[in-house]
Amino acid sequence: MTASPSRLRTLRDYIRWAVSRFHTERLFFGHGTDNAWDDARQLVLGALHLPYEIADSYLDCRLEDDEREHLTELLRRRIEERIPTAYLLGQAWFCGLPFIVDERVLVPRSPIAELIEQQFRPWLAQEPARILDLCTGSGCIGIACAYEFMDAEVVLADLSFDALEIANRNIEHHGLEERVYTVQGDGFDGLPGQRFDLIVSNPPYVDAEDFADMPPEFGHEPALGLACGEDGLDLVRRMLAEAADHLTDKGTLIVEVGNSQVHVQALYPEVDFTWLEFSRGGHGVFLLAASQCREHQALFRSRLKG
């Protein structure tokens, strides 16, 4: 850092200073927050194990020397190394729930959270008995679904053993071992013959151009969870080609593709995707019913190689 916060004394001092430095250093905000104030508040309060919604009067509490040293080091790393705040804290929030995270998994931030909180209304024909979170990473989507659908069995699938280690820690952290479990495999490969009422996926989907232009903060996330070929659809193509074989008759497939929505629409102009809308921001999430996956399966298979 070009300046030392040695004269800072209170929580409010540190948050104010951090906001100023974050703006000056042009940090990127997109890993659970979208502005300097929220990022700074999350980092300062989280580092001291204080709730984000702490009463304003507590912000004027003076810090002990060891607390100030700890905050100074975290702020230095956030500014100089561009490490996302969630990694510095080892924790991220999704659907109002805490999740263990580190650089083996993406920081949870999917707009699918909004759908989960609404129990996917009005899109599900019935409450799902079996749910698959494909490309689960930290397990946040599937675990959040388990909270909303208390009787559902939830499978968290991922190619990465490292990611599944974190997902298993989160299953244990939330006490869901009896009905949430992990499966390792590439796409559906680890799930032969299994069918689900709901398949939700936030797979790697960043195309080559976007991946090359990403801010430094994204360099701390696993590339395996972000980039997926020239148009970002290498895995999505396979998922679409195989989804019909893993959905129940009234099942639903929901997939996030972000900016690669344009590539999906260009590749499959014949398919009537439902593109979902979000009141809190976000885009590029499509829905297909099991009947649509069956109807277009031959088409999806024919375009596996793009």
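Residues numbered from 1 in each chain as written. Predicted model: local features only at pLDDT ≥ 70, side-chain atom pairs only at ≥ 80, totals over all residues. Heavy atoms only, no water.

Note the cut-off: UniProt positions are given in the numbering used here, feature names are shortened, and annotations may be inferred rather than shown by experiment.
Looking at an unreviewed UniProt entry, one finds the protein named Ribosomal protein uL3 glutamine methyltransferase, with Stutzerimonas nosocomialis as its source organism. Taken directly from UniProt, the Function (unreviewed entry) text for the protein runs: "Methylates ribosomal protein uL3 on a specific glutamine residue." The record held by UniProt for the protein lists under Sequence similarities (unreviewed entry) the comment "Belongs to the protein N5-glutamine methyltransferase family. PrmB subfamily."

1. Observations regarding the side chain of Thr10
Under the convention used in this document: Secondary structure elements follow DSSP: runs of H or I no shorter than four residues count as helices, runs of E no shorter than two count as strands, and numbering proceeds from the N terminus. Think of a polar contact as two N or O atoms within 3.5 Å of one another; within protein, one of them needs to be a possible hydrogen donor and the other a possible acceptor, and neighboring residues in sequence only count if both atoms come from side chains. Residues are treated as being in contact if the distance between any of their heavy atoms lies within 4.5 Å.
With respect to the element layout, Thr10 can be found in the segment before helix 1 (11-24). At a separation of 3.0 Å, a polar atom in the side chain of Thr10 contacts the main-chain amide nitrogen of Asp13. For Thr10, the residues in contact, after removing those within four places along its chain, are Leu59, Asp60, Cys61, Arg62 and Leu63.

2. Side note on the pattern of salt bridges
Keep this limit in mind: In what follows, salt bridge is the name for a side-chain nitrogen of Lys or Arg lying within 4 Å of a carboxyl oxygen of Asp or Glu. To sort residues, take the accessible area from a 1.4 Å probe on protein chains only and compare it with the maximum for the residue type: under 20% means buried, over 50% means exposed, and anything in between is partly exposed.
Counted under the stated rule, the structure contains 22 salt bridges. Salt-bridge contacts for Asp65 lead to Arg68; the nearest nitrogen and oxygen are separated by 3.3 Å. Taken as a pair, Asp65 and Arg68 lie in helix 3 (residues 65-81) at a separation of three residues, close to a single helical turn. The exposure class assigned to Asp65 is exposed, which follows from its relative accessible area of 53%. Look at Arg68 and you get buried, because its relative accessible area is 15%. A salt bridge links Arg76 to Glu80; the nearest nitrogen and oxygen atoms lie 3.1 Å apart. Taken as a pair, Arg76 and Glu80 lie in helix 3 at a separation of four residues, close to a single helical turn. What makes Glu80 partly exposed here is its relative accessible area of 42%.

3. What to know about the packing of helix 2 (residues 36-47) against helix 3
What counts, and what does not: Under this scheme, a helix contributes an axis fitted over its contacting stretch, all axes are lines through C-alpha atoms, and angles between N-to-C directions fall in the 0 to 180 degree range. Take the far helix as your reference; a near helix turned counterclockwise from it by less than a right angle gives a left-handed crossing, and one turned clockwise gives a right-handed crossing. Residue polarity is assigned by list, with Asp, Glu, Lys and Arg as charged and Ala, Val, Leu, Ile, Met, Phe, Trp, Tyr, Cys and Pro as nonpolar; anything else, Gly included, falls into the polar class.
At a minimum axis distance of 10 Å, the contact between helix 2 and helix 3 shows a crossing angle of 145°. Of the two elements, helix 2 crosses helix 3, and the hand of that crossing is right-handed. Facing helix 2, whose interface residues are Asp39, Leu43, Val44 and Ala47, helix 3 presents His70, Leu71, Leu74, Leu75 and Arg78. Class assignment of the residues belonging to the contact of helix 2 with helix 3 gives a composition of six nonpolar, one polar and two charged.

4. Let's talk about the environment of Leu132
Checked against the element boundaries, Leu132 lands in strand 3 (residues 130-134). Spatially, the C-alpha atom of Leu132 lies 18 Å from that of Arg169, the residues being 37 residues apart in sequence. Excluding residues within four positions of it along the chain, Leu132 makes contact with Val155, Ala157, Phe188, Leu191, Phe196, Leu198, Ile199 and Val200.

5. Regarding the domain arrangement of the protein
Filter applied, for reference: Just so you know, the domain bounds were taken from an automatic or database domain assignment. We define buried area as the total accessible area lost by two parts upon association, computed with a 1.4 Å probe and summed across both.
By the assigned domains, the protein splits into domain 1 (11-89) and domain 2 (104-303). Placing the centre of domain 1 and that of domain 2 at their C-alpha centroids yields a distance of 31 Å. Listed as interface residues are 12 residues of domain 1 and, on the opposing side, 11 residues of domain 2. Between domain 1 and domain 2, a total of about 930 Å² is buried, with carbon and sulfur atoms accounting for 66% of that surface.

6. Notes on the packing of helix 1 against helix 2
Stated precisely, the cut-off is as follows: Orientation labels follow simple angle bins: below 35 degrees gives roughly parallel, above 145 gives roughly antiparallel, 65 to 115 gives roughly perpendicular, and whatever is left gives oblique.
Where helix 1 contacts helix 2, the two axes come as close as 9 Å, and the packing angle between them is 135°. The pairing of helix 1 with helix 2 is recorded here as oblique in orientation. At the point where helix 1 passes helix 2, the crossing takes the right-handed sense. Within the contact between the two elements, helix 1 uses Leu11, Tyr14, Ile15, Ala18, Val19, Phe22 and His23 and helix 2 uses Ala36, Trp37, Asp39, Ala40, Arg41, Leu43, Val44 and Leu45. When its residues are assigned to classes, the contact of helix 1 with helix 2 shows 12 nonpolar, one polar and two charged.

7. What about the sheet that holds strand 5 (residues 180-184)?
Counted only if it meets this: The pairing criterion is simple: DSSP has to find at least two bridges between the two strands.
Overall, mixed pairing links the seven strands, which are arranged 5-4-3-6-7-9-8 in an open sheet. Only two strands of the sheet have a single neighbouring strand rather than two, namely strand 5 and strand 8 (274-275). Bridging between strand 4 (residues 153-158) and strand 5 involves five bridges; their strand directions are parallel. In the sheet register, Asp158 faces strand 5, and the bridge partner there is Gln184. The strands that helix 6 (residues 140-148) touches are strand 3, strand 4, strand 5 and strand 6 (196-201); relative to strand 4, the one it contacts most, it runs at about 175°.

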